[in-house]
Structures are given as C-alpha cells and as structure tokens.
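# Structural features, examined
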Amino acid sequence: MIDPALLREDPDRVVANFAQRGLAVDFRKQVAEFADLDKQLRKLNKQEEDLRASRNQLSRQIGEMMHGSKQDTGQLQQHASKIGEQIENLHQDVVELKAAAQAICYHWPNLLHDEVPPGKSEQDNKVLRKEGKLPKYDFDARDHVELGKIHSLLDFDSAGVMAKARFVVIMDTFARLHRALGQFMLDMHVKQHGYHECNVPLLVNTKALTHTGQLPKFASDDEFFSAKSDDLHLIPTAEVSLVNIAAGRLFSEEELPLKLAAHSLCFRREAGSYGKDTRGMLRQHQFEKVELVQIVHPDHSYSAWEKLIADAERILQKLRLPYQVVELCAADVGHAAARTVDLEVWLPGQNSYREISSCSNDTDYQARRMKTSLRSKPKNRLVHTLNGSGVAVGRALIAVLENYQDAQGNIAIPEVLQPYMDGLTRIEIP
RNA sequence: GGAGAGAUGGCUGAGUGGUCGAAAGCGCUCCCCUGCUAAGGGAGUAUAGGAGCUAAUCUUAUCGAGGGUUCGAAUCCCUCUCUCUCCGCCA
C-alpha cells in the first residue's frame, strides 16, 4: 500500500509513477475513483464521529443523573437512541465505502524509486557489473539435465509419475551437494552476516500473504497452492513467513535492523509460465531457497539494501560462481518493491546468465499493510522491509554442476562445500 | 479430535454495566535531593485516525477478532481465533 496522504496531495505523481510499470491498468481512472471514494468516506466518517461524540455526551449525562438523584432520564435516553439509529445508518455506508476504497488501493503496486531504469520488459533490465571468470571449456558444456543423466542422479521421470512435471528426485551425492549448498548459505548468513536463523511455517494464511503483497492480485493468476478449507497457502517464498514475524509490531530504534534468515522450501504453481524452462530443474513447483529479510529504519533502507545484496553476492563469490548484477527496469520490478536488483549466475549449459537471487527494497509498502512501525518522535514511523534470496538452492545446484564439470562429466566440489561433504572433492561418473 | 481454563497498556496484574484508555507494581523519560555509590521525592509515559496555525486543545476508535443487547460494554450474550492444562493421536 502507498501513503494515502501522498495520494491526496499529489495524485498525479502517483499515477505517473504507476504508469512506469507499464501495467495494463488505467491507474488514472482508479486513482480518481479512489480519491472520490476517499472524499466521501472522510465526510461520512466525520459525521459519524460527531454523532458518536454527542451520544457519548448524552450517555455520560444520563449516568450522572442516575448516579445522584433519581431523575427521569427517559427523554434523554430516547434522544440518544435516535442518534444511535443515525449512527447505525451512517456506519453502514462508511463500512461499504471503506471496503470499496480498499478493494482498489490494495491492488496497487509500490512506488518505484527514482533511479529505477525505465523499460518495457525484462529486455530493458540494466546490467550493472559482471563478477567472476567464465569457465572456458575445450568441450561442449553439458547442462545439468545431461549431467544428471550421466550420473543417474536426477530423476525427472519418477517425480513426473508420482507428482507431475516440474518436480524432480535428486539422489545420492547430488542430493548431498544440494543439502550442502543450503547449509553453507545459511551458515554464512547466520555466522558471518549477522542474521537470526529462523525456521518458519511453510503454510500461511491469507492475511499474511496480504501483508507482503502476494494478495490480492490483479487477475486470478494463482501463484501458490492453497488448502482453502483451512485458509492456508503454501508459501511461494520464506519472505512471507519472515516478514510476517514483524507484523503488527512497534519497534524501538535499538531493535533495528532486525535481520532474519531461513532455509525453506518454496512452492509455486507457475501457472503463467507454460512452456517456459520446461527442461530440467530450473523452474520447479517445489524448490529450496535461503531467504534474507531485514526490517530496517526508514532512513537507512537503501544502504541496508546494498549490504543485503552484498550478503547474497558473497555466497556466489565463495562458491566461485560467475555472475552478473542486474537492476530491474520499471516493467520488471515486483509489485511490492520500489527497487530490485537480481543476481544472475552463469550457466554454461544454458550459455546464459540466469536469476539466482532477487533483492528488493519494499520501503513502507509491506509495513503499512501489516502495521509495523518504529517508535519515533513526534510521530511513530513505518519501518522499511527488505528481502532477498541468499540464494536459491536448487539453481545453485544447477550452477555448481554446470560450472564445475570436466570433459568427462565429473563434477568438482567447490572448496567451501567440501567440509559439508565429508571432504569429498569430486563427484565421479559411475 | 474430546474436556476445562484463559486472552487487559513495554512487562506483571486489578477491574462483572456509567468520569475506565483503564488501579497498583515494574520498566522507561525528565526534574529535584543526597559531595561518589546505594537510596529517596516529584512529574510524565499506549496506538491509529479526524478537526486545529505541522500549536494549545478538542474529538473518534481500540482491553484477542467480529457481531449482538443497552442511552451507555473491558465488564452481559453469540461466533471465531489463539494460548495453557488434561485425555486421545502422532513426528
């Protein structure tokens, strides 16, 4: 959600900002509609409050009269009762107006930061820098699917039979490597980057998803799997669970920044991505990710964001994986975010860089929805929330397999992971 | 799943229909006193909204959430959620 005060003061600025995202939504119309509803709402609300004030006064008076001498209060009671009816009527309208206004503004995205590059699609994302050396092979680099086949350790068939497409069974040393990656990442963030280790619910309710901005959505493009009978949804990312730890809280300045990390499963329906990345385990319904979340002072969110990106980058550096840092353009920045940087890891098998982390500053968007503030004078302020992957574990496995292969298809194990694998240095073809 | 008990401010904890936004204690802030330390005294101390000169001040809502009864609800009634204890089940 964005600041309603800003909306009142400078609706044009809000509309212009929304327009940068290039969404097929007439924000000018929506903002005007909202402003209209808001105006009515405030008027009626004021009326209702005035009526309540006068009823409260009458009630107080009645109380006093009954307390002392036993005076007849019948007339006053009748009067108050009538006011009560008026309040009732007005209240109905107020509730309806409020719902109508919310139905509009809860769909709106966050305001983009001024420095977000303009653009129409992900083609317009801006590569900020490239890190690490691309591996040079005197053979054709295999992708992870082929490597999985050579080693017989990635079983897409069984997964497809027991579940469906976009699932995989990972076996033996590959599974071990996968686990090592997750452990390594979480350890780094907890031991060296100062995050609190969290183990979080993988199922969360509608309210939690609304706080973080996953709900409500423009269209009905379901992003996640749900058990609607229980109002529980499988999390698309641990960001939801981690951010909601701060929901409704009022922080003192010393408590910030609150840095949280979790290694979790994530679940996505991938409903809108038919035919995209169907080969291999690049895009799965279920995958693991180490997620970083920071609840920060609103004045320091961008410097904290830079550090969070560095935390994620550190993982790729330690794994010696080449990557590039990409700032998302206006069209590609997510709903809740004001600014986002992706880390894209080099995948020799795909001959391209692919997203392995996405780090966003959501400013006060989530904080406003979930009422998370910072104790401050003269007025308490909303905190800012940051989130980033540090990093996607499944894709990290792909990256290691493809970047650490030799001519035969053996996989070297990155040095930092060897302690997690009983010192194993190589996965040999059977 | 069954039975019972509970949910009050930063914390502990009073409060069963009227000046209760809420006693008391703790904590915190400011001031005073005491040559340090320890102790003592006084004042203040919830959140969100609206009105107002971004003032003083006034006002509305909030005692787990949502409804209801009433002139008036923390207090009575209903529904839900959560927590605790016991039983069952389970990892």
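Coordinates for the structure precede this section.
Predicted, not measured: the structure shown is a model, and the values here were computed from it.

### Some words on the packing of helix α2 (residues 11-19) against helix α3 (residues 27-67)
Put simply, α2 and α3 touch, their axes get as near as 9 Å, and they point 145° apart. Classified by chirality, the crossing of α3 by α2 is right-handed. Contact residues: P11, V14, V15, F18 and A19 in α2; F27, R28, V31 and A35 in α3. Residues that form the contact of α2 with α3 fall into these classes: eight nonpolar, no polar and one charged.

### Concerning the environment of K120
Positionally, K120 belongs in the loop between α4 (74-105) and β1 (126-131). Each C-alpha atom of the pair K120 and N199 lies 38 Å from the other, and the pair is 79 residues apart in sequence. Every residue in contact with K120, bar those within four places of it in the chain, is listed here: G22 and A331.

### Focus on the protein's contact with RNA strand B
As a structural note, the neighbourhood of RNA strand B is formed by 20 residues, with A53, S59, G63, A80 and N380 the closest of them. Among the elements that line the surface near RNA strand B, the one with the most residues is α3, at 13 residues. Class assignment for the residues of the surface near RNA strand B results in six nonpolar, nine polar and five charged.

### What about the nonpolar core?
Within the largest apolar cluster, 86 residues are counted, with the highest numbers of intra-cluster contacts made by L181, V345, V391 and A396. Residue contributions to this core peak at eight residues, all from helix α7 (residues 172-192). Contacts of L181, omitting those with residues within four sequence positions, involve V393, A396, L397 and L417.

### What to know about helix α5 (residues 144-151)
One turn of the α-helix equals 3.6 residues, which is why residues spaced by three or four share an orientation. Restricting attention to buried positions, one finds in α5 the residues H144, L147, G148 and H151. Buried residues of α5 fall within an arc of 105° about the axis and therefore sit on the same side. In this structure, the buried side of α5 is in contact with β2 (154-155), α7, α12 (393-403), β17 (411-412) and β18 (426-427). Looking one or two residues past α5, S152 carries a phi angle of roughly 55°, positive in sign.

### Observations regarding the packing of α7 against helix α10 (residues 301-318)
Here α7 crosses α10 at 130°, and the two axes come no closer than 10 Å. Between α7 and α10, the angle falls in the class oblique. Here α7 runs over α10; the crossing is right-handed. Across the interface between the two elements, M185, M188 and H189 from α7 touch D311, R314, I315 and K318 from α10. Considered class by class, the residues forming the contact of α7 with α10 number three nonpolar, one polar and three charged.

### Topic: the pairing of strand β12 (residues 339-347)
Across the nine residues that make up β12, a large majority, nine, are buried. Burial along β12 is two-sided: the face carrying R339, V341, L343, V345 and L347 and the face carrying T340, D342, E344 and W346 are both buried. Both strand β11 (residues 323-327) and β12 contribute to a ladder of five bridges, which runs antiparallel. Along β12, the bridge assignment pairs Q324 with E344. Relative to strand β13 (residues 352-361), β12 is paired through nine bridges, and the arrangement is antiparallel.

### Section: the environment of E48
The topology assignment puts E48 in helix α3. It is 42 Å that separates the C-alpha atoms of E48 and T237, two residues lying 189 residues apart in sequence. In this view, E48 contacts I87, L90, H91 and V94; residues no more than four positions away in its chain are not counted.

### Description of the sheet that holds strand β8 (residues 250-251)
Within the open sheet, the three strands sit side by side as β8-β14-β15. Their pairing is mixed. In the strand order of this sheet, the two ends are held by β8 and β15 (381-382), each with one partner. As paired elements, β8 and strand β14 (residues 373-374) share two bridges and run parallel to each other. Across the sheet, residue F251 finds its bridge partner in β14, namely L374.

### Let's talk about the pairing of β1
Within β1, only zero of the six residues are buried, which leaves the element largely exposed. Of the strand pairs in this sheet, β1 and β11 are connected by five bridges, and their pairing is antiparallel. By the bridge assignment for β11, K130 is matched with Q324.

Criteria and cut-off values
- Residues numbered from 1 in each chain as written.
- Chains lettered and ligands numbered in written order.
- Predicted model: local features only at pLDDT ≥ 70, side-chain atom pairs only at ≥ 80, totals over all residues.
- Axes fitted to C-alpha atoms, helices over the stretch in contact; angles between N-to-C directions.
- Helix = DSSP H or I, 4+ residues; strand = E, 2+ residues; numbered from the N terminus.
- Left-handed = near helix turned anticlockwise from the far one by under 90°.
- Contact = placed C-beta atoms within 7 Å.
- Nonpolar A, V, L, I, M, F, W, Y, C, P; charged D, E, K, R; others polar.
- Near = placed C-beta within 6 Å.
- Core = buried A, V, L, I, M, F, W, Y, C linked by C-beta atoms within 7 Å.
- Buried ≥ 20, exposed ≤ 12 C-beta atoms within 10 Å, placed from the backbone.
- Arc of directions from axis to C-beta.
- Parallel < 35°, antiparallel > 145°, perpendicular 65-115°, else oblique.
- Pairing = 2+ DSSP bridges.

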